[in-house]
Structures are given as structure tokens and as C-alpha cells.
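Residues per chain are reported as follows:
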There are 2 protein chains.
Amino acid sequence: MMLMNCYNHSPATATTSSDLCWKKTICNNNPYSLPLISRNDPHRGRHRRGARARPNNHCPRRRRCPGLSLVCSVAPPNQVESPVVTSEKPPSNATATRRECFGVFCTTYDLKADEKTKSWKKLINISVSGAAGMISNHLLFKLASGEVFGLDQPIALKLLGSERSLQALEGVAMELEDSLYPLLREVSIGIDPYEVFRDAEWALLIGAKPRGPGMERADLLDINGQIFAEQGKALNAVASPNVKVIVVGNPCNTNALICMKNAPKIPAKNFHALTRLDENRAKCQLALKAGVFYDKVSNMTIWGNHSTTQVPDFLNAKINGKPVKEVITDHKWLEEEFTERIQKRGGVLIQKWGRSSAASTAVSIVDAIRSLITPTPEGDWFSSGVYTNGNPYGIEEDIVFSMPCRSKGDGDYELVKDVIIDDYLRQRIKKSEAELLSEKRCVAHLTGEGVAYCDIREDTMLPGEQ
Amino acid sequence: MMLMNCYNHSPATATTSSDLCWKKTICNNNPYSLPLISRNDPHRGRHRRGARARPNNHCPRRRRCPGLSLVCSVAPPNQVESPVVTSEKPPSNATATRRECFGVFCTTYDLKADEKTKSWKKLINISVSGAAGMISNHLLFKLASGEVFGLDQPIALKLLGSERSLQALEGVAMELEDSLYPLLREVSIGIDPYEVFRDAEWALLIGAKPRGPGMERADLLDINGQIFAEQGKALNAVASPNVKVIVVGNPCNTNALICMKNAPKIPAKNFHALTRLDENRAKCQLALKAGVFYDKVSNMTIWGNHSTTQVPDFLNAKINGKPVKEVITDHKWLEEEFTERIQKRGGVLIQKWGRSSAASTAVSIVDAIRSLITPTPEGDWFSSGVYTNGNPYGIEEDIVFSMPCRSKGDGDYELVKDVIIDDYLRQRIKKSEAELLSEKRCVAHLTGEGVAYCDIREDTMLPGEQ
């Protein structure tokens, strides 16, 4: 495989126009750059369809950012305003063959010519949004080390940041350079999802706007929903047709739904909302209560929304292969304390540690990916927020709901079907389902289902998140 | 292996006194806790032997820290004041069988009884200081994942913090719990090195006082030297007799020397000062200049001090098996720019990223450990700051100096002997050697060599560190 050579080297080595480096230009008011909306913007409206900060379909100003290469994507205004993609096209100047590379990762190499690397698999493209944040700062190094995809899987990391975070993103890329990971063959950075998601086989969508002071959940749904609508369109236009998408940025279930609805070419089954950290925390709390090591806990489902309405299922979970309720006889604790412990874990961590739990979130993203690329152990399952399309539990269709899944290790999953749901569980699942349905009504303008109507009163964000 | 059960469980499972949990007490003015000296302390003197903040050999006050278990170590005053260990004993109440465990890691388990774990190696103890800091926050998860010591090597992490960082340390332990790493079998936290270093087979000494405003290098040498003298004594008293020690906290070469001098029972060869990040950065810069991928660069030595006087050796380094000077013909760049790029890398990263390069430092610690536990590839070597005792390069004896090393993978190393040193290299090596000798004179009160005399004028700390 020959790649272009575009950094610190003579342009004489670049032979075609597609091999040339990007010019050091930046597109101000880039319609694809974040943040999307300012609170003071007079055009802003919570439920205004596709409300945006003065979309600008040309790039009048350019400024130089030392050492920084950015792409100026220009999309027609109708693509920007349109809530749902019908016949999406990549922006006209985002030539498919161009790439944005960083430093030593622009080097020409040929994996097949080298004895050490010739038995390696084909390089895969992994796009990560929010790449300058703390979760990514843990995750990227795990991806690069081979811990996630294996020691014969070379990878390309394509990092999406915002205009504000681009300097930091360069810092991240420099640290990746200095780590000398043999499997990390390409790193590119940018602020345009139409570039960064190009040919992505995995899209790990971590970036989201944190809630500002006084911001309501409905505001958060709208602001982040717009980011994910945008990114859905970009994935639809430029990613690998079978790209697997894991949404981490909150509110992740509804963000995943919006992203999916804006990417009709990508199978709905490929979209996941991360509830794995909740699953891991639930296993740990059951282990603590039972006085066993956490590797003895299995079959842990998180049902529903990644919010305080989530339902950690102690009815079907097992400890040493036995039902939890047989091992932990303090059922009052299970019913009244267990769930709250999981919900509040992030908040307690912030209190102690002074920051959000970036490291364990990154570990749970690794777990979520591994669960899809390795066969699920016999009799066990894992939780993921997936699209409810023909589910056997009577969950309302057309939302993203966390459920028990199994995988053959091919990147795909199937729902586990033989799970018992009793009245206690059903009642709680219904509450989470109702919440997701009302979140969905709030973002109807972003999923192509008309005018949004938002009646969310309660705040059910998990404490300590972002 | 049966371990005690001391968290969230009934004390009925603990059968002997050594199995009992520590009480939730804290020893204020603990002579072993950090920070050691306040700048405003009238007892403070730069070269006063063993100057300390009012050593207190009893524990008059106790306070409760919810969920926190700390040990109160009481050592006779002469142990605290004495600069160099002669016949060190562990503090009288630090019973060898007691341990400080955290949460789910206090669980009773038996690796040999379980099918999945019975083929695993014997558990190893890894002590980490500065465990609540950012470098550790990356490193601990790498250690726990099996990436460093292998997928059949269960580990115990023993985390050393300061009184100030203990809450954060609990947060770290909680994130480790939530990560469900099967190989991570024990986690303990504490502020007393005589507890935390007990039976350590690896001691990764990351914690050091960062330089405050207006603080001179001599102050930093003294303040950090006292921490490392203390930790050397503790290692001498309670660690495994063959413990491998990697000093990361700066100034790391001289800190390693002080630590070693205070631990006469531990072989001097077991002490390392980390220069691996410099080596990695040097490889990356050579790769960038030559337009090759970094895996083509080998035989990279960093000579001397981990400071701006360090000498990245482009005379002996190779690119694709050829001498660097044959591949990179711009010798002016090699002589004038190359070293500076490595020195300034950390500073540039801080500018871009807003924080120090914790992730790549953690990666380089992993590399340093792996270089000692896996055989060095034929013909190659790695750099480490090691004790100059009978070295073949004419480096002054009795300092810690970075040199080219090889390992059979047994945790030990030998110096590489057939390295060419030309006049250019010799001249630079001499400068770094002179610096280390003057650093050594500054800390004579901490190494047992009498009264310190400090004539360091220049500041040669690497920019961007801590």
C-alpha cells in the first residue's frame, strides 16, 4: 500500500494532485464545524428545523494556523438546512482521494514488503469525534497499542475536533507519534466530518456539547442532536457502507437515533449507544455485595436509556452461574440501592477525583468494540443501546434502547431472546421507554418526523457526566 | 492463594489479626507523608541534613475519611532524620502480613481453583508513587490490562499518594474497579511508602514535587531528593530484595541515585532513571527527517542526564540498518537542530495541548519495563539511566547516567560495549556528566556523602515537564 508523503518532506515525492498536502487554510463559518449554535444567536430556536448559526456556503476568509492543515468544506445550504438526508452527496471539493495526514504518519510505506508486517490484516479506518477530550486521550492509545483489534491489525486513526480544539488535537497526534506504536500507520486530524469520516469502518462518536449553566435537557437534546444529525449525514455520504457507529456523547441513545435517521444508507443495526460503562459498574456492585471477584458476574443487562431511568437487570444476571437473587438474599438492597449506586457512581467519582471518569469510560468503549468482534462466551451476553426494530420484548419500535445482545464476532449482533421480564422489571423498562419516546418527540425536527414537541420536565442526566 | 476480605463484608470472615481490616484512621503529621517541607517552615534549610517539617513520632490526632483506610506509621525519630540507611528496619507497627486493600479487590479468591486462571503465573506486586497523577492515570490501566506483563500475569497494584491526593486516589481505584480487568487482582492505596512498597517487585516512582514559582533547581533537587531518600529507605526495608525501580519523577537521574544510596540492600543495578521518552522522541524525529516510518529507526541511545544536557546519539543510531549519517546527509540539522527538537518537544506539547505529555510518558514507562522483561532484538539496544559502576565508556563512576543497554528478558540488563564515541559525542557526554556530578554535590546530605555544596546556576530542566 502506498500512501502520500506530505509533511516535512520535499513535495517532489508527491506525484499526483491527490498526493499533495492540504494547504494551510481554514474555512471560517464552516457549516460543518462545531459549535453549531450560539445561545445569543437571533436565528436560534429550540425547535426551529435545522436552526444554524448563519450557514455560509463560501469561505471568504482564510488564516494560517502554523503546523495546521484544515479542509474547507463547502456544502450547498439546502444540505445544511435539510433535516433528513434523501440523496446526500459529499461536499463538492472533498475529493475522495485526498487525506489529511499528520507528521510521521504521512510517511510512505508498504506493509506487504516488510517481513514483520506482511502477515498483517488490511488496514482499518477508525474515526473518533471529540478526539481532543479526555475519554479519547485514553481510548486512542488503547486503539493504537493493538489491545482492541489485535496485534496483526494495523489501524488508521482519523480524529475529529472543533475549531477550538484543533491545537489540542495536534498535541494528541504528536503524543501518538512519540509512542511509536507499530500498528498505528496513519493519523489524520480535522474539523470536517465529511473528511474525517471518509471510509471509516468504525466511528466512535464521543464529542458532544456539555451542558452549560442553566441549560435544560431539552436544550441539550437540540444542540447535541444537531451535531449528531450532521455527523449522520457525513457518515451516510462518506463512510464505509457497513461502518459500525458507537455513540458515546450524551444523551447517547437519542443522539444515536438521530445519527441513524440521518444516515439511511447505513444499516440501522450498525448504530450503538454506549451503555457498557453502566453494565461494568453494575457487575462490580453485584460482585462487591456478594463478596466475589467481578469475573464471577455474568449476564448483566442494562435496559433502556443511558440516564437515571436505566434498568440494571438483577433478575437475569448471574453470579457464579446462579441467579443473583439466589446469591444476594438482601432483595431490598437489590431493589432499592443497587440501581442508585450505578447511577450515582459517576457523580461520586467526580467528587473524589475532581474529573469525570474518562479512563473507565474508555475501557468500556474498548469492551463494547471487543464484544462485537469476538464471539460472545456461550450462555453470556452484553448490553448495548440498539435500534428497536422487531425486538422480542415488546419495547416500542423505532427508538434506541439498551438490550441484551450476543455476537458471533463478525461486528454484528443478535438480540438475546430468552430473558425473563417480571412485573418489577417491566414497570421500570416502561418508564425508560417513555422517556426515550419523549426525547424522540423533542428531536422530531432532526429525525425527519416533522415538528418537534418537547415536554421533558425532569432532568435524568446521569450525575457526573461530562 | 487466599487473601483477606475486608470491605463491605462481615469481619467474621477474617480469622486472624493479620487478616483484619485497617481501621479508618489517619495519622496527621505522619513523618512519611508528603509534602515533606513547607517553604514557610522555619526549620527548612536547603542543605540542612534531613530537614523536615517537625517530625512527629506519635499519632495524636485521628480523623475519619469515609471509605478510606490509611495506615499510621510510626518510626523512631532517628530513622526519620538519618540521611543514609545503615541498618534500616521497617516501622515497628507495619506488620508484614497486613495489607491495605480497596473495594472489590479485598475479595477472597483462589486463582488455582479456577479453570480460567489456574495456568496463570504467580501474582506480582507493582508499587506506583504519584498514583493520583495524570501519568499514572494512563499507566495503571495499561498495567491492569495485561499489555505490559502479559495475559497470564496477574498483578497487584499498590498505589502511593499524598494526604492531599488521597481522595483522588480512591477515585482512581474506583475506576480500576469499574474496568473489570481480570488480571488485576489486588489494589491498595496509602500514603506510607513503608506500607505501599511492601513486597514490591516493581516500583515505579512517578510522584515528585513540581517546581513552584521562583524555585531554583537546587531547591527542587533538595525537596525531591528528600522524597526519594525516604522512598529508598522504605524500599530497602520492605520491598522484595530484587525489586526493579524505575524513577520517573524529576530530576530523575539524581533522584534515582539518592533512592539507590538509601537502599543498600537492593542491587544498584536495579535502579533506572527514565530516559525512554527521550529515546522515543529521538526515533520519531529521525524518522520524520528521513521520511521513513518510525519502526525503521534502531540503536538509539540517549546519553547522560534527563535534562537539556542529554545527548541523543545520531552517530550510532541506524535507519533501515544503516548509520543515520549515511541516510540523513544534512549533518548540520543532526548537529544543531535534532537535539533541540527532542528537548523542546515537551514544551511544544504543553503549548498545544495545554497539559504535559502524560500519555506518551506512560507509554515510554511501558516500553522501559518491556525492554527489561523481553529479550532485546538481536543487534539493537535501548536507553536507560543506570548506575555507572564499571562502565566501558569512561563515564565517571557513581552517578546515574543514561547509556545503551541490552536485556535477556530476565528483568536485568547489560551495557552495550561496542559503541563508537567520537569527539563531538565525547564533548557533549562530558557536559552532561559534569552536570550530574554537580547535581550529586548538591544532594550529598541525602546520599550519605557529607555536607552538600551546590553551585548549580543554569536551569537545565526540560521545558514542559510537570
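Source: prediction; values computed, not measured.

Here is what the cut-offs are and how they apply
Residues numbered from 1 in each chain as written. Chains lettered and ligands numbered in written order. Predicted model: local features only at pLDDT ≥ 70, side-chain atom pairs only at ≥ 80, totals over all residues. Heavy atoms only, no water. pLDDT = per-residue confidence, 0-100. Contact = heavy atoms within 4.5 Å. Domains from an automatic or database assignment. Buried area = accessible area lost by both parts, 1.4 Å probe. Salt bridge = Lys/Arg side-chain N within 4 Å of Asp/Glu carboxyl O. Polar contact = N/O pair within 3.5 Å; in protein donor to acceptor, adjacent residues only side chain to side chain. Helix = DSSP H or I, 4+ residues; strand = E, 2+ residues; numbered from the N terminus. Buried < 20%, exposed > 50% of the residue type's maximum accessible area, 1.4 Å probe, protein only. Pairing = 2+ DSSP bridges. Right-handed = clockwise from strand over helix to strand, strands pointing away. Axes fitted to C-alpha atoms, helices over the stretch in contact; angles between N-to-C directions. Parallel < 35°, antiparallel > 145°, perpendicular 65-115°, else oblique. Left-handed = near helix turned anticlockwise from the far one by under 90°. Nonpolar A, V, L, I, M, F, W, Y, C, P; charged D, E, K, R; others polar.

Below, the discussion takes up the confidence of the model for chain A. All names here are of chain A. Here chain A averages 81 in pLDDT, while 79% of its residues score no lower than 70. Taken together, the stretch residues 1–98 has pLDDT below 50 and engages in 203 contacts with residues farther than four places along the chain or on a different chain. Our summary of model confidence lists the complex with pTM equal to 0.82 and ipTM equal to 0.82.

For the rest of this paragraph, the subject is the domain arrangement of chain A. All names here are of chain A. Segmenting chain A into domains produces domain 1 (120–273) and domain 2 (275–445). Computed from C-alpha atoms alone, the centre-to-centre distance between domain 1 and domain 2 is 23 Å. Between domain 1 and domain 2, the contact holds 33 residues from the first and 35 residues from the second. Summed over both sides, the interface of domain 1 with domain 2 buries roughly 2,900 Å², with 67% coming from carbon and sulfur. Looking only at domain 1, the three residues that lose the most surface to domain 2 are Asn253, Lys269 and His272, adding up to 20% of its buried area. At the boundary of domain 1 and domain 2, one finds three salt bridges. The closest approach of N and O atoms between Asp398 and Lys261, which form a salt bridge, is 2.7 Å. Our count for the domain 1 to domain 2 interface comes out at twelve residue pairs in polar contact (both at pLDDT 80 or more). Contributing elements (two or more residues each) for the side of domain 1 that touches domain 2: helix 2 (134–145), strand 4 (202–205), helix 5 (217–238), strand 5 (244–247), helix 6 (252–261) and strand 6 (271–273). The element contributing the most residues to the side of domain 1 that touches domain 2 is helix 6, with eight residues.

The subject of this paragraph is the pattern of salt bridges. Enumeration according to the criterion identifies 50 salt bridges over all chains in this entry. With a shortest N-O distance of 3.5 Å, A:Glu170 and B:Lys352 are connected by a salt bridge. You can see A:Glu170 sitting in helix 3 (residues 166–178) and its partner B:Lys352 sitting in helix 9 (residues 331–353), one on each of two chains. Judged by relative accessible area, A:Glu170 falls into the buried class, the value being 3%. Close ionic contact of A:Asp178 with B:Arg345 constitutes a salt bridge, the shortest N to O distance being 2.9 Å. Of this pair, A:Asp178 sits in helix 3 while B:Arg345 sits in helix 9, on two different chains.

Now for the pairing of strand 4 of chain A. Residue and element names in this part refer to chain A. The side-chain alternation of strand 4 yields two buried faces, one formed by Trp202 and Leu204 and the other by Ala203 and Leu205. One ladder, built from four bridges, connects strand 1 (residues 124–129) with strand 4; its direction is parallel. Its bridge partner lying in strand 4, Ile126 is registered against Trp202. Pairing analysis gives four bridges linking strand 4 to strand 5, with the strands arranged parallel. Within strand 5, the position partnered with Leu205 by the bridge is Val247. With helix 5 bridging strand 4 and its parallel neighbour strand 5, the resulting β-α-β unit is right-handed.

To continue, consider the packing of helix 2 (residues 134–145) of chain B against helix 10 (residues 358–373) of chain B. Describing two packed helices takes the angle between their axes plus the distance from one axis to the other. All names here are of chain B. Between helix 2 and helix 10, the least distance of the axes is 8 Å, while the angle of their chain directions is 45 degrees. For the element pair helix 2 / helix 10, the angle class is oblique. Crossing handedness for the pair helix 2 and helix 10: right-handed. Of the residues in helix 10, those touching helix 2 at Met134, Ile135, His138, Leu139, Lys142 and Leu143 are Ala358, Ala359, Thr361, Ala362, Val363, Ile365, Val366 and Ile369. Each residue belonging to the contact of helix 2 with helix 10 can be placed in one class, and the counts come to eleven nonpolar, two polar and one charged.

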